[in-house]
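# Overview (structure and organization)
Okay, here's what each chain looks like letter by letter:
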Amino acid sequence: MKRLSKLIPMESTGNSSVSGDRKASKKTVASSVTAKPNGKSPVSSTNPMNPNTVTALSSAHANQVMFFRDVSLGPCEAELRFRLIHLWEARNIYTKTLLGKEMLLIDEEGTVIQGFVPAGRVGTFDLVAGSVYKLRNFFGSRNKTQFSVADHIAIVSFSWNSDLSVFENPPVLIPEDRFRFHSFEEFMANSDSKGDLYDYVGHMRLVNGQTLTDHTVLDEVAITKKRHLCVHVQTHDGPVMKLYLWDNAASEFCQKFKSYGRTPHVLLVTTVNPKHLGGTLCLTSVSSSRVFMDDDVQPSKDYFEWLSSNTGIANRIAAEVVAKPEAVTLEELFSYIKQEASKVAWFECTATIDDVVQCSSWYYVSCGGCNSKAVKGPTSLMCNNKKCEKSEVTGVPQYLTKISVYDKSEQAVFVILGNAGKELTGKHAAELVANFFESNEGAGADHCVPVPQALLDTIGQTRKFIVKVSDHNLKGKTHTITVTKILPPEAALPATSDDIPTTMGDGSAPSSGFGDPAGDKARKAADSLESDDAKRSKSG
């Protein structure tokens, strides 16, 4: 399958935009975004992006022109020349308070960097997407560790003395855009990591459950009411994924869809967040996302050209990822794990809780920022996640509970993590720990908190568990099965998360048993080529 994990610049040629490779001397030439473990593109050894590097340009005099590759952390008086690709509001996710305006900027070398105007200075600068500007006096802030939209270590922050002006007739044409695509495999590998946000391009299979025809009409009233829409998308002959477009992205999708006067087929969405919902990989738009279709930009044109020449592949059903986790017994689950051809997969198991394992702690203390394990430092707790960069953290108890379960075929040990524990007991782990110390005022901070009654009360309950067969299971490193979600009794499988409403499916019940042996049943569930959604689209 053609790989899409490339940086693709859009060169400016008057009023039109065409794709083109960057000059060979530039280190931003279509380099793989997965070349390093941290997901950052490789940079030249002469590129002063190291936060500890102090360059002469950091204290450059006014009127000295600086390229983005030379921007480092700290104040700078040099002049930047760039095109404003896109700008969007940054708001607090809880209070919705405006934090500022975020931007995506590109210079004449095709290097991209994120920009930021603090809330107090919003309105001070006249910013229009697509325009070319000169900026003097700015501050190089450290780039975000989560949900970053550019590879650069720095963010160009507009400061109190920033001087911005339109750059008329630049001597060197500045590219109009830049895309960095991820393939399905890369989205899968980075799902739920809160890492960098990459772009997606592929063709549409379903829009809100509708099969695309020459006369497809969107229900804009329903989309506006729900604030989102769901598109089943596929890249080349790869797996089908659900892509959720929210708010502005949903509105932009509807506008572009109608503007074509025909049914478009190619969809390109920037800065999407990959996550597992109900055991399946989904992509969701964020506030920085933009939407393009067939003829909008060069990458979508290129994909449309491929699609027109490969209609057989485009019509092939390959919707294994969209399929809901198949229901299997514990015996079938273990049989699947033993097979050499097995891969990481999610299943639904109905089992009865026999006991809560009490020989180990039922919770761990996490970093309040990233949920990684917090460890004791010299004077306070420290985050174990190197990317978190917090020297001191507030510890938050999280579930790490082992339970023994059984069904009619086998016994197993499940480990319940995070939110899955709350789905089982109805209470956060932090609440249960706090309740213990409130009732036992003499207990020290290092006191071992016994298994709470809320967990013991679940013994004897029969529940539906969404479980993940991990690499550790397949390699025989552990026999404990991780639970990613626990369904309420008799509930249909939801495919939701904290920021996705319960509108992701039709509520149909999972398919019932196979006539195959246990291992074949689970294997077929993981390698299924046709989802329930695709079957419904055939039958209308």
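It should be emphasised that the depicted structure is a prediction, and the values quoted were computed from it without experimental measurement. Here the residue index of a chain counts from 1 through its sequence in written order. The model is predicted, so local features are restricted to residues of pLDDT at least 70 and side-chain atom pairs to those at 80 or more, both for listing and for counting; the totals for chains, interfaces and linings are taken over all residues. The basis for every side-chain value is the complete set of non-hydrogen atoms in the structure, without hydrogens or water.

### Focus on the overall build of the protein
Each helix and strand in the protein was counted, giving 12 helices and 25 strands. The buried share of the protein, reckoned over its 540 residues, is 47%. Every residue pair with non-hydrogen atoms within 4.5 Å of one another is taken to be in contact. Long-range pairs, those at least 24 residues apart, make up 66% of the contacts in the protein with a sequence separation of at least 6. For accessible areas, the Shrake-Rupley method is used with a probe of radius 1.4 Å. Any residue's cover is judged against the shown protein chains and nothing else. Here the protein has roughly 26100 Å² of accessible surface; of this, 50% comes from carbon and sulfur atoms. Numbering of helices and strands runs from the N terminus, with a helix taken as a DSSP run of H or I at least four residues long and a strand as a DSSP run of E at least two residues long. Partly exposed residues are those whose accessible area sits between 20% and 50% of the maximum for their type, while under 20% is buried and over 50% is exposed, using a 1.4 Å probe and protein chains only.

### Structural notes on helix 4 (residues 298-309)
Note on helix geometry: an α-helix contains 3.6 residues per turn, so any two residues three or four positions apart are oriented the same way. Under the convention used throughout, the expected extent of a helix is 1.5 Å for every residue step, that is, one less than its residue count. Across its 12 residues, helix 4 extends 17 Å between first and last C-alpha, which sits within 8% of the 16 Å expected from 1.5 Å per residue. All of the buried residues in helix 4 are Gln298, Pro299, Ser300, Tyr303 and Leu307.

### As for the nonpolar core
Take the buried residues of types Ala, Val, Leu, Ile, Met, Phe, Trp, Tyr and Cys, join any two whose side-chain atoms come within 4.5 Å, and each joined set is a nonpolar core. With 37 residues, the main nonpolar core has Trp362, Phe414, Phe465 and Val467 as its most contacted residues. No other element matches the 6 residues that strand 18 (residues 345-356) contributes to this core. Beyond its immediate chain neighbours, meaning those up to four positions away, valine 467 contacts Leu333, Ala345, Trp346, Phe347, Cys349, Phe414, Ile481, Thr482 and Val483. Counting 28 residues, the second largest nonpolar core, distinct from the first, contains Phe184, Val207, Leu229 and Phe253.

### A short note on the packing of aromatic side chains
Ring pairs shown here join Phe, Tyr and Trp side chains whose ring centres sit within 6.5 Å, with only the six-membered ring taken for Trp; geometry is labelled stacked below 30 degrees between planes, edge-to-face above 60, and tilted in between. The tally for this structure, following the rule as stated, stands at 12 aromatic pairs. Lysine and arginine charges are scored as sitting over a ring when NZ or CZ, respectively, is within 6 Å of the ring centre and within 35 degrees of the ring normal. Between arginine 180 and the ring centre of tyrosine 198, over which it is positioned, the NZ or CZ distance is 4.3 Å.

### Remarks on the pairing of strand 24 (residues 462-469)
Side chains on a regular strand alternate between the two faces of the sheet. Between any two strands, at least two bridges found by DSSP are needed for them to pair. Of the strand pairs in this sheet, strand 18 and strand 24 are connected by 8 bridges, and their pairing is antiparallel. Within the sheet, the bridge partner assigned to threonine 352 lies in strand 24 and is threonine 462.

### Concerning helix 8 (residues 429-439)
Turning to helix 8, its buried residues are Ala429, Leu432, Val433 and Phe436. For helix 8, the angular spread of buried residues about the axis comes to 100°, placing them on one side. Packing partners of the buried residues in helix 8 comprise strand 19 (363-367), strand 22 (395-406) and helix 9 (453-456). What the arc describes is the spread of directions from the helix axis to the C-beta atoms.

### Re the pattern of salt bridges
Salt bridges are counted wherever a side-chain nitrogen of Lys or Arg sits within 4 Å of a carboxyl oxygen of Asp or Glu. Tallying each qualifying case throughout the model produces 17 salt bridges. Two residues, glutamate 102 and lysine 144, come together in a salt bridge whose shortest N-O distance is 3.1 Å. With glutamate 102 in strand 5 (residues 98-106) and lysine 144 in the loop between strand 7 (132-142) and strand 8 (154-166), this residue pair connects regions lying 42 residues apart in the sequence. We classify lysine 144 as partly exposed; its relative accessible area is 33%. Lysine 427 is the partner of glutamate 431 in a salt bridge, and the nearest nitrogen-oxygen pair spans 3.6 Å.

### Describing the state of the cysteines
What makes a disulfide is a covalent bond joining the sulfur atoms belonging to two cysteines. Disulfides are defined as pairs of cysteine sulfur atoms found within 2.5 Å of each other. Following the criterion strictly, the structure yields 0 disulfides and no others. Not part of a disulfide, cysteine 230 finds its nearest cysteine sulfur in cysteine 282, a span of 7.2 Å. We classify cysteine 230 as buried; its relative accessible area is 9%. Note on cysteine 282: relative accessible area 1%, which makes it buried.

### With respect to the pairing of strand 22
Relative to strand 22, strand 18 runs antiparallel, the two being bridged by 4 bridges. By the bridge assignment, aspartate 355 is partnered in strand 22 with serine 404. Bridge analysis of strand 19 against strand 22 gives 5 bridges, and the strand direction is antiparallel. The residue of strand 22 that forms the bridge with tyrosine 363 is tyrosine 399. Here strand 22 pairs with strand 23 (residues 411-417) via 7 bridges, running antiparallel. Residue pairing in the sheet places serine 404 in a bridge with valine 413 of strand 23. From the end of strand 22 to the start of strand 23, which pair antiparallel, there are 4 residues.

### Topic: the environment of tryptophan 160
One can find tryptophan 160 in strand 8. Exposure remark for tryptophan 160: the relative accessible area of 72% places this residue in the exposed category. Spatially, the C-alpha atoms of tryptophan 160 and phenylalanine 138 are 8.4 Å apart, while their sequence positions differ by 22 residues.

### Observations concerning unusual backbone geometry
Phi is positive for aspartate 192, which is not a glycine, with a value near 60°. By relative accessible area, aspartate 192 is classed as partly exposed at 47%.

### A short note on the confidence of the model for the protein
Residue-level confidence of the predictor is what pLDDT reports, using numbers from 0 through 100. Overall, the predicted model of the protein reaches an average pLDDT of 77, with 74% of residues at or above 70. The spread of mean pLDDT over the elements of the protein runs between strand 2 (residues 16-19), the lowest at 33, and strand 16 (residues 291-293), the highest at 96. Contacts of residues 318-323 to residues separated by more than four positions or lying in other chains number 27 contacts, the stretch itself having pLDDT below 50.

### Some details on the environment of tyrosine 198
Within the fold, tyrosine 198 resides in strand 10 (residues 198-207). Taking the C-alpha atoms as reference points, tyrosine 198 and proline 274, separated by 76 residues in sequence, lie 9.1 Å from one another.

### Things to note about the side chain of aspartate 177
Here aspartate 177 lies in strand 9 (residues 177-180). Aspartate 177 gets classed as buried once you look at its relative accessible area, which sits at 6%.

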